[in-house]
Amino acid sequence: MDTRLQQLEQWLATQGYHHYTLEPASADASFRRYFRIQHDRASFIVMDAPPEKEDTAPFIRVADLMMAAGLHVPQIMARDTAQGFLQLSDLGTQLYLPALNENSVDALYGDALSALLQLQQHPVPDWLPEYDRARLLQEMQLFADWYLQRHLGLELDAQQQTVLQESFEHLAGVALEQPEVIVHRDYHSRNLLLSDPNPGVIDFQDAVHGPVTYDLVSLLRDCYIAWPREQVEQWVVDYLQGAQEAAIVDSQVTVDQFLRWFDLMGIQRHLKASGIFARLNYRDTKPGYLADIPRTLGYVLQIVEDYDELAGFAELLQSLEVPRRLEQVTPRSVSA
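On a predicted model such as this, the values are computed, not experimentally measured, just so you know.

The rules we used
- Residues numbered from 1 in each chain as written.
- Predicted model: local features only at pLDDT ≥ 70, side-chain atom pairs only at ≥ 80, totals over all residues.
- Heavy atoms only, no water.
- Salt bridge = Lys/Arg side-chain N within 4 Å of Asp/Glu carboxyl O.
- Helix = DSSP H or I, 4+ residues; strand = E, 2+ residues; numbered from the N terminus.
- Buried < 20%, exposed > 50% of the residue type's maximum accessible area, 1.4 Å probe, protein only.
- Axes fitted to C-alpha atoms, helices over the stretch in contact; angles between N-to-C directions.
- Parallel < 35°, antiparallel > 145°, perpendicular 65-115°, else oblique.
- Left-handed = near helix turned anticlockwise from the far one by under 90°.
- Contact = heavy atoms within 4.5 Å.
- Phe/Tyr/Trp six-rings, centres within 6.5 Å; stacked < 30°, edge-to-face > 60°.
- Lys NZ or Arg CZ within 6 Å of the ring centre and 35° of its normal.
- Nonpolar A, V, L, I, M, F, W, Y, C, P; charged D, E, K, R; others polar.
- Polar contact = N/O pair within 3.5 Å; in protein donor to acceptor, adjacent residues only side chain to side chain.
- Core = buried A, V, L, I, M, F, W, Y, C linked by side-chain atoms within 4.5 Å.
- Expected span 1.5 Å × (residues − 1).

**A short note on the pattern of salt bridges**
Pairs can form between side chains of opposite charge whenever their charged atoms are close. For the structure on display, the rule yields 19 salt bridges. Arg269 is the partner of Asp186 in a salt bridge, and the nearest nitrogen-oxygen pair spans 3.2 Å. Residue Asp186 is located in the loop between strand 6 (180-183) and strand 7 (192-193), and its partner Arg269 is located in helix 9 (residues 255-282); the two are separated by 83 residues in the primary sequence. For Asp186, a relative accessible area of 24% gives the class partly exposed. On the basis of relative accessible area, Arg269 is assigned to the buried category, the value being 5%.

See the structure below:
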């Protein structure tokens with residue numbers, strides 16, 4: 001019996017909703033669930049966030065922040081924070097991911113990048129958590145704990161551990177060199193919706209104050225869809241021009257310096273994501289994300305080869321046979 005669903009229906013009744021249809025809208029990588037309610041020829045979304053596992057307060061605060069920044073995010077129509085229920089406006093069902101192709105990507109990413117620049121120009125509130133060194137290192141440790149150790153069953157010796165930790169420290173240092181802005185923290189094709197105005201932005205509750213390239217690499221080196229490197233780098237160059245015109249990035253920052261920030265920020269993010277995908281399988285019984293690891297770590301294997309400063313890390317990944325192990329996994333298709 002789904003007691004949470006019963007509680008949700010009881011709460012909807014207190015809001016005056018008695019005759020409606022209810023269907024799952026989406027489920028993310030947390031304990032939150034979303035339902036789409038059809039009522040009187042209109043629809044809205046209800047978030048189910050079990051209070052013992054999820055806190056609705058960050059979502060509410062960040063939703064207000066994103067709206068103040070001019071982004072198209074769900075409006076909060078009603079709330080019961082004690083029970084963990086939020087009634088949200090419905091931004092639709094058309095995610096970016098299935099809509100992306102060679103013909104559509106420039107226009108869709110153009111809208112997404114414009115929205116990102118708008119967000120990054122907004123003043124950072126003092127309550128927003130800092131994307132500090134401890135957080136960056138903790139995220140990369142997920143790769144070691146859940147992908148290398150739990151998924152691959154590897155035990156690193158002392159020298160290998162040293163190389164890994166020194167690489168993590170270096171990547172964190174590069175992230176902290178960058179200008180800091182509001183960071184959505186999961187700005188990609190599964191959290192952007194085709195809407196008017198475009199894009200609709202969701203799943204923003206984990207926002208932080210951190211490196212300017214983080215959301216950019218989340219979008220352009222998406223864990224769920226890949227584009228040719230030359231095309232990605234051209235988008236980065238175009239974004240940099242806009243960011244410098246908006247005074248988000250200093251005009252003295254060169255393209256090469258910014259691409260280095262972008263590349264190495266991507267390694268940090270993709271190590272984290274690979275660890276999370278493995279954790280979702282073993283801890284949360286969500287095995288589907290394992291098929292996204294080859295694409296995600298594929299970025300890492302490609303980029304580390306271009307940076308002498310990461311030669312030790314590249315050699316470690318080769319010695320652990322990570323490339324060969326990835327070849328044994330079938331990546332999830334774009335339409336999955």
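Having seen the structure, we can now continue with the description.
**Some details on the packing of helix 6 (residues 158-176) against helix 9**
For the pair helix 6 and helix 9, the least separation of the axes is 9 Å and the interaxial angle reads 130 degrees. Classified by the interaxial angle, the pair formed by helix 6 and helix 9 is oblique. Handedness of the crossing formed by helix 6 with helix 9: left-handed. Mapping the contact onto sequence places Phe168, His170, Leu171, Val174 and Ala175 in helix 6 and Arg260, Trp261, Leu264, Met265, Ile267 and Leu271 in helix 9.

**Overview of the packing of aromatic side chains**
Tallied over the entire structure, the rule returns twelve aromatic pairs. Taking the centre distance of 6.2 Å and the plane angle of 85 degrees together, the rings of Trp227 and Trp235 count as edge-to-face. Across the pair, Trp235 and Trp227 agree in class, each one buried. Taken together, the ring pairs in this structure connect Tyr109, Trp227 and Trp235 into an aromatic cluster. When the ring centre of Tyr131 is taken as reference, the NZ or CZ atom of Arg185 above it lies at 5.1 Å. Positioned above the aromatic ring of Tyr224 is the side chain of Arg190, whose terminal nitrogen or guanidinium carbon lies 4.2 Å from the ring centre.

**With respect to the packing of helix 9 against helix 10 (residues 293-304)**
Between helix 9 and helix 10, the shortest axis-to-axis distance is 9 Å and the interhelical angle comes to 150 degrees. Between helix 9 and helix 10, the crossing angle belongs to the class labelled roughly antiparallel. As helix 9 packs across helix 10, the resulting crossing turns out to be left-handed. Counted together, Asp263, Ile267, His270, Leu271, Ala273, Ser274, Phe277 and Ala278 of helix 9 and Ile293, Thr296, Leu297, Tyr299, Val300, Ile303 and Val304 of helix 10 form the full contact between these two elements. Across the contact of helix 9 with helix 10, the residue classes tally to eleven nonpolar, three polar and one charged.

**Remarks on unusual backbone geometry**
Residues Asp196 and Pro197 are joined by a peptide bond in cis, for which omega reads 5 degrees. Structurally, Pro197 can be placed in the loop between strand 7 and strand 8 (200-201). Put simply, Asn198 and Pro199 share a cis peptide bond, and its omega is 0 degrees. Take Pro199: it is sitting in the loop between strand 7 and strand 8. One non-glycine residue with positive phi stands out, namely Asp40, at about 55 degrees. With respect to the element layout, Asp40 can be found in the loop between strand 2 (33-39) and strand 3 (42-48).

**Considerations on the environment of Thr296**
Note on placement: Thr296 falls in helix 10. Given the relative accessible area of 0%, Thr296 is considered buried. C-alpha separation for the pair Thr296 and Asp145, spaced 151 residues apart in sequence, amounts to 17 Å. Not counting chain neighbours up to four residues away, the residues in contact with Thr296 comprise Cys223, His270, Ala273, Ser274 and Phe277. A polar contact of 2.8 Å, which involves the side chain of Thr296, links it to the backbone oxygen of Asp292.

**What about the nonpolar core?**
Ranked by size, the top nonpolar core spans 101 residues in total, and within it Tyr109, Leu148, Tyr239, Phe258 and Leu271 carry the most contacts. Considering each element in turn, this core owes the most residues, eleven residues, to helix 9. Contact partners of Leu148, with chain neighbours within four places excluded, come to Phe143, Gly153, Leu154, Leu156, Leu164, Leu320 and Val322.

**Section: helix 4 (residues 105-121)**
With 17 residues, helix 4 extends 24 Å between its outermost C-alpha atoms, agreeing within 8% with the 24 Å of an ideal straight helix rising 1.5 Å per residue. The inward-facing, buried residues of helix 4 abut helix 2 (56-68), helix 3 (96-99), strand 6, strand 7, helix 7 (214-220) and helix 8 (229-245).

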